[in-house]
Amino acid sequence: MIERIDSPANKKIKLAAALKQRKQREKTGLFVAEGIRLCEMAAEAGWQVEFGLLTGQVREQERGAKLVEKLTGQNCPLYEVPEAVFAKAAGTETPQGILLVMAQKTPSLPQTAERENPLYVVMDGVQDPGNAGTIIRTADAVGADGVILLKGSVDVYGDKAVRSTMGSIFHVPVYSGVSVEELTDFARRNDLQLLATALDETAKPHFGQDFTKGTVVVLGNEGNGVSQEILAVAQKTYIPMYGQAESLNVGMSGAIVLYEALRQRKF
């Protein structure tokens with residue numbers, strides 16, 4: 001049964017709206033997935049849903065009606081709200097009329113990699129949520145074993161980051177708040193080569209690396225690149241460029257390197 005909420009002062013409306021703030025997401029361990037496609041993927045993934053908010057228009061659409069049926073079948077509490085009330089909780093300028101308040105998954109970096117010769121991608125201080133979402137989406141596309149965010153990186157459960165993953169956040173393990181020491185210990189323990197993207201005279205072209213080995217690829221901050229702490233212990237690699245561009249967007253760089261790894265492993 002779908003209940004009705006009409007007041008913007010309702011606790012659930014206030015909670016959904018408050019989750020736009022990182023401190024509230026960290027305090028509650030919750031986040032918001034918004035939009036038909038993202039909610040469909042969340043429902044398919046079987047992640048824990050606290051509750052959902054929707055407008056009446058969603059139930060009138062065939063796709064929306066199927067999604068509502070699936071969620072009610074999973075015993076997800078759903079609340080229908082007026083569009084004006086939904087807009088207060090939504091994080092988009094043109095909301096699609098449905099969002100889910102969900103529990104974050106915060107796994108710890110495993111002691112042992114789950115498969116032989118795994119592939120991990122690391123964000124070292126990446127700040128832009130769009131870049132972070134793109135990297136997670138690309139990691140999912142190439143079949144990477146996980147995405148690791150070092151301390152000081154963006155919150156991947158922010159609205160824009162979640163939307164930018166296009167649902168991949170539900171498919172690939174994401175390990176947040178990892179220290180450099182934890183990362184290097186993980187790589188050493190699992191005999192993984194640690195590669196860091198860097199424009200450096202000692203760096204090798206990315207297509208000259210052997211990605212058939214177990215590999216950790218580190219992508220750096222948009223302005224400052226990979227930290228010196230990582231560069232001191234990693235093999236440096238770069239993407240050759242022959243035009244006038246000084247650098248590539250970190251999301252694009254990640255895609256280029258990860259797809260070279262996929263090429264070597266699968267083709």
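The rules behind each value
Residues numbered from 1 in each chain as written. Predicted model: local features only at pLDDT ≥ 70, side-chain atom pairs only at ≥ 80, totals over all residues. Heavy atoms only, no water. Pairing = 2+ DSSP bridges. Helix = DSSP H or I, 4+ residues; strand = E, 2+ residues; numbered from the N terminus. Contact = heavy atoms within 4.5 Å. Buried < 20%, exposed > 50% of the residue type's maximum accessible area, 1.4 Å probe, protein only. Axes fitted to C-alpha atoms, helices over the stretch in contact; angles between N-to-C directions. Phe/Tyr/Trp six-rings, centres within 6.5 Å; stacked < 30°, edge-to-face > 60°. Polar contact = N/O pair within 3.5 Å; in protein donor to acceptor, adjacent residues only side chain to side chain.

A. Summary view of the sheet that holds strand E12 (residues 235-238). As summarised here, the arrangement of the seven strands in space is E8-E7-E6-E11-E9-E12-E10, forming an open sheet in which the pairing is parallel. Two strands in the sheet have a free side with no partner beyond their single neighbour: strand E8 (174-178) and strand E10 (204-205). By the bridge criterion, four bridges tie strand E6 (residues 119-124) to strand E7 (residues 146-150) in an arrangement that is parallel. Within E7, the residue paired with Val 121 across the bridge is Val 147.

B. Structural detail: the side chain of Thr 138. Secondary-structure assignment places Thr 138 in helix H7 (residues 129-141). Apart from the residues lying within four places of it in its own chain, the contact partners of Thr 138 are Ala 255, Leu 258 and Tyr 259.

C. Summary view of the pairing of strand E9 (residues 193-197). The buried count for E9 comes to five of five residues, which makes it a mostly enclosed element. Side chains Gln 193, Leu 195 and Thr 197 of E9 all project onto a buried face; the interleaved residues Leu 194 and Ala 196 project onto the opposite face, where all are buried too. When E9 meets E12, the two strands line up parallel, connected through three bridges. Each bridged residue has a counterpart across the sheet, and for Thr 197 the counterpart in E12 is Thr 237.

D. Broad picture of the sheet that holds strand E3 (residues 49-54). Strand order in the open sheet made by the five strands is E1-E4-E3-E5-E2, with mixed pairing throughout. The outermost strands of the open sheet, each flanked by one partner alone, are strand E1 (3-4) and strand E2 (30-34). In this sheet, strand E4 (residues 78-80) lies alongside E1 in parallel orientation, the contact comprising two bridges. Bridge assignment links Glu 3 to a residue of E4, and that residue is Tyr 79. In the packing of helix H1 (residues 11-18) onto the sheet, the strands contacted are E2, E3, E4 and strand E5 (98-103), and the crossing angle to E3 comes to about 100°.

E. Expanded view of the packing of aromatic side chains. Tallied over the entire structure, the rule returns five aromatic pairs. On the numbers, 4.7 Å between centres and 50° between planes, the contact of Phe 31 with Tyr 157 is tilted. You can see Phe 31 sitting in strand E2 and its partner Tyr 157 sitting in the loop between E7 and helix H8 (159-164), a full 126 residues away along the chain. The two residues Phe 31 and Tyr 157 agree in class, both being buried. Measuring from ring centre to ring centre gives 6.2 Å for Phe 51 and Tyr 79, while their planes differ by 80°; the resulting arrangement is edge-to-face. Taken together, the positions of Phe 51 in strand E3 and Tyr 79 in strand E4 put the pair 28 residues apart, joining distant regions of the chain. The residues Phe 51 and Tyr 79 share a single accessibility class, namely buried.

F. Representation of the side chain of Ser 153. Along the polypeptide, Ser 153 turns up in the loop between E7 and H8. In this structure Ser 153 comes out as buried when scored by relative accessible area, which is 4%. A polar contact is formed between the side chain of Ser 153 and the backbone nitrogen of Gly 125, at a distance of 3.0 Å. Among the polar contacts listed, one links the side chain of Ser 153 to the backbone oxygen of Leu 150, at a separation of 2.9 Å. For Ser 153, the contacting residues outside a window of four places in its chain are Arg 22, Met 123, Asp 124, Gly 125, Val 126 and Gln 127.

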